[in-house]
Amino acid sequence: MQITDVTAIPINVPLEPIAAGGIAPYRTNHSELHDVDRILVRVETDEGVTGWGEVRAFLSPEATVSVIEDGVGPLVIGQSPYEVEKLRRQVFVEYTNPNMFFAPVETACWDVVGKALDKPVYELLGGWTAPQQTSMKNREHAGADTSRDSSEEFAYCLGIFPPEESRTYAREALDRGYSVLKTKAGRDWETDVERIRAMDDEVDGDLEFRLDPNQGWTTEDALRVCARLSDSGVYLQYVEQPIRIDAHGSLEKLRARTTQPIAANEDTYPPRNLRQVIQAGAIDVAVVDLTPAGGISGIRQLAAIAEDAGVSLAHHCAFDLGIRTAAILHTVHGVPGFNLPSDTTYYGWEGDVIEDPFEIRNGSIDVPSGPGLGVSVDLDAVEVYRTT
């Protein structure tokens with residue numbers, strides 16, 4: 001089997017307002033989202049098997065489409081979709097890291113191979129792995145069979161809102177069955193503290209919290225946030241990337257001076273950074289992502305580094321539609337090391353581009369059991385959201 005074509009399709013999908021159960025406006029310390037540009041990637045083969053991938057738009061949809069079709073495509077066309085590790089190492093561009101543009105192509109190759117072999121991707125990755133610790137706790141409380149579960153738990157994601165408004169959304173997340181809430185931060189550290197206090201008070205400690213300022217704090221402000229929350233008796237699941245990347249010494253000092261667990265996200269994106277930040281003793285948790293890792297095979301490598309070091313692992317979310325959500329589900333289900341719920345904003349979309357959109361029940365999504373990624377793309381929906 002050989003790859004015969006790589007096509008990138010730009011789409012824009014609106015976000016549902018948070019008042020209607022969605023997520024918009026999704027505010028971070030650097031943006032506010034009401035809709036999101038996504039790029040769908042289709043890989044075709046000479047045996048008629050087609051695979052799909054998905055990625056966010058970088059710089060612009062047009063730029064992303066061009067790099068994928070005119071840059072990555074020619075490097076993989078004519079080669080076997082089975083040889084993802086060979087392709088990953090072969091897609092080399094001097095002076096830059098092309099992983100983010102290769103990742104959706106690589107994911108589509110896994111989809112092709114799974115369909116050709118009539119196997120779900122998680123089986124190709126080695127099969128179902130140990131259940132997440134948090135998921136196990138929730139299933140035990142629900143009286144469910146915990147011997148094996150085909151679902152994965154996710155953390156609810158919330159943008160920046162005033163403390164009292166955030167309080168109501170924390171209650172909603174708990175009522176929907178989530179056990180973890182991740183909220184953005186970084187605009188004002190004192191208000192960040194008040195928001196977490198308000199939400200924790202509203203749910204009486206029944207939610208765990210993740211706080212993500214996207215590198216938005218100085219080391220001093222991060223210490224103040226961690227200390228004030230600890231003084232209030234609020235212990236986060238983790239603080240994600242509190243300071244800028246590549247400041248591993250400062251991150252290590254921060255970790256040594258706080259009782260709050262420290263996580264790296266953006267620091268896991270550059271090659272070899274995860275190994276270096278672990279060696280520096282700077283983190284408790286790694287929050288990794290398929291796209292900067294170069295796809296599922298890249299995530300498998302990062303997960304092995306984290307697991308060997310005894311570092312907890314969760315998967316990041318980047319406003320993923322059904323295709324990439326399926327890829328994340330297969331990855332965290334089939335790759336050892338993922339012991340914390342991954343993030344999701346899947347509930348926030350107006351619509352999706354797969355024929356049977358996922359349902360989130362009690363904060364969990366069922367892992368597709370069909371061949372490949374286990375989802376079928378709705379081409380009519382793609383045309384509705386297509387931008388060019």
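Details of the structure are given in the entry above.
All of these numbers come straight from a predicted model, not from anything done at the bench.

Asks: Can you tell me about the overall build of the protein chain, naming the residues and giving the values?
Replies: On a plain count of helices and strands, the protein chain comes out with 14 helices and 14 strands. Scored against the burial criterion, the 388 residues of the protein chain give a buried share of 57%. Counting only contacts in the protein chain whose residues sit at least 6 apart along the sequence, the fraction spanning at least 24 positions is 75%. Carbon and sulfur atoms form 46% of the exposed surface of the protein chain, whose accessible area is close to 15,300 Å². Between the centroid of the 33 positive side chains of the protein chain and the centroid of its 62 negative side chains there is a distance of 6 Å.

Asks: Give a description of the environment of Arg167 that names residues and reports values.
Replies: Here Arg167 shows up in helix α6 (residues 163-175). When its relative accessible area of 18% is taken as the criterion, Arg167 is described as buried. Put simply, Arg167 and Glu194 are 27 residues apart on the chain and 10 Å apart in space, counted from C-alpha to C-alpha. Not counting chain neighbours up to four residues away, the residues in contact with Arg167 comprise Ala198, Met199, Asp201 and Glu202.

Asks: Break down the pattern of salt bridges for me, with residues and values.
Replies: A full pass over the atoms with the stated rule returns 30 salt bridges. Arg167 is the salt-bridge partner of Glu202, the closest N and O atoms lying 3.3 Å from each other. Taken together, the residues span a long stretch of sequence, with Glu202 in helix α7 (residues 189-203) and Arg167 in helix α6 at a distance of 35 residues. Classification of Glu202 by relative accessible area gives partly exposed; the value is 24%.

Asks: I'd like a description of the packing of helix α1 (residues 61-76) against helix α3 (residues 99-117), backed by residues and values.
Replies: At a minimum axis separation of 10 Å, α1 and α3 run at an interaxial angle of 65°. Between α1 and α3, the interaxial angle falls into the category roughly perpendicular. You can see that α1 and α3 cross each other, and the crossing is right-handed. Listed contacts from α3 to Thr64, Val67, Ile68, Val72 and Val76 of α1 are Phe101, Phe102, Pro104 and Val105. Residue composition of the contact of α1 with α3, grouped by class: eight nonpolar, one polar and no charged.

Asks: Quick rundown of the packing of aromatic side chains? Include the residues and the values.
Replies: Scanning the model with the defined rule gives eight aromatic pairs in all. A centroid spacing of 5.3 Å and a plane angle of 65° characterise the contact between Tyr156 and Tyr178, whose relative ring orientation is edge-to-face. You can see Tyr156 sitting in strand β6 (residues 151-158) and its partner Tyr178 sitting in the loop between α6 and β7 (180-184), a full 22 residues away along the chain. Side by side, Tyr156 and Tyr178 carry an identical accessibility label, which is buried.

Asks: Describe the pairing of strand β12 (residues 312-315), listing the residues and the values that go with them.
Replies: For a regular strand, side chains alternate in direction, first toward one face of the sheet and then toward the other. The alternating pattern of β12 places Ser312 and Ala314 on one face and Leu313 and His315 on the opposite face, and all of these are buried. Pairing of strand β11 (residues 285-288) with β12, which is carried by four bridges, proceeds in the parallel orientation. Bridging across to β12, Val287 finds its partner in Ala314.

Asks: Requested: an account of unusual backbone geometry, with residues and values cited.
Replies: The linkage connecting Ala24 with the following residue, Pro25, adopts the cis geometry, with an omega of 0°. Phi is positive for Asp246, close to 65°, though the residue is something other than glycine. By the secondary structure assignment, Asp246 is in the loop between β9 (238-240) and α9 (248-256).

Asks: Before we move on, could you go through the sheet that holds strand β1 (residues 3-14) and cite the residues and values that matter?
Replies: Hydrogen bonding along the main chain pairs the strands of a sheet, whether they run parallel or antiparallel. The strand order across the open sheet formed by three strands is β1-β4-β5, and the pairing between neighbours is antiparallel. Lying at the two open borders of the sheet, with one neighbouring strand each, are β1 and β5 (50-56). For this sheet, the mean angle separating the axes of adjacent strands, direction not counted, is 20°. Bridge analysis of β1 against strand β4 (residues 35-45) gives 11 bridges, and the strand direction is antiparallel.

Thresholds applied
- Residues numbered from 1 in each chain as written.
- Predicted model: local features only at pLDDT ≥ 70, side-chain atom pairs only at ≥ 80, totals over all residues.
- Heavy atoms only, no water.
- Helix = DSSP H or I, 4+ residues; strand = E, 2+ residues; numbered from the N terminus.
- Buried < 20%, exposed > 50% of the residue type's maximum accessible area, 1.4 Å probe, protein only.
- Contact = heavy atoms within 4.5 Å.
- Areas by Shrake-Rupley, 256 points an atom, 1.4 Å probe, with all protein chains shown as cover.
- Lys, Arg positive; Asp, Glu negative; His and termini not counted.
- Charge placed at Lys NZ, Arg CZ, Asp CG, Glu CD.
- Salt bridge = Lys/Arg side-chain N within 4 Å of Asp/Glu carboxyl O.
- Axes fitted to C-alpha atoms, helices over the stretch in contact; angles between N-to-C directions.
- Parallel < 35°, antiparallel > 145°, perpendicular 65-115°, else oblique.
- Left-handed = near helix turned anticlockwise from the far one by under 90°.
- Nonpolar A, V, L, I, M, F, W, Y, C, P; charged D, E, K, R; others polar.
- Phe/Tyr/Trp six-rings, centres within 6.5 Å; stacked < 30°, edge-to-face > 60°.
- Pairing = 2+ DSSP bridges.

Everything listed here is a matter of geometry and, on its own, says nothing about what the molecule does.
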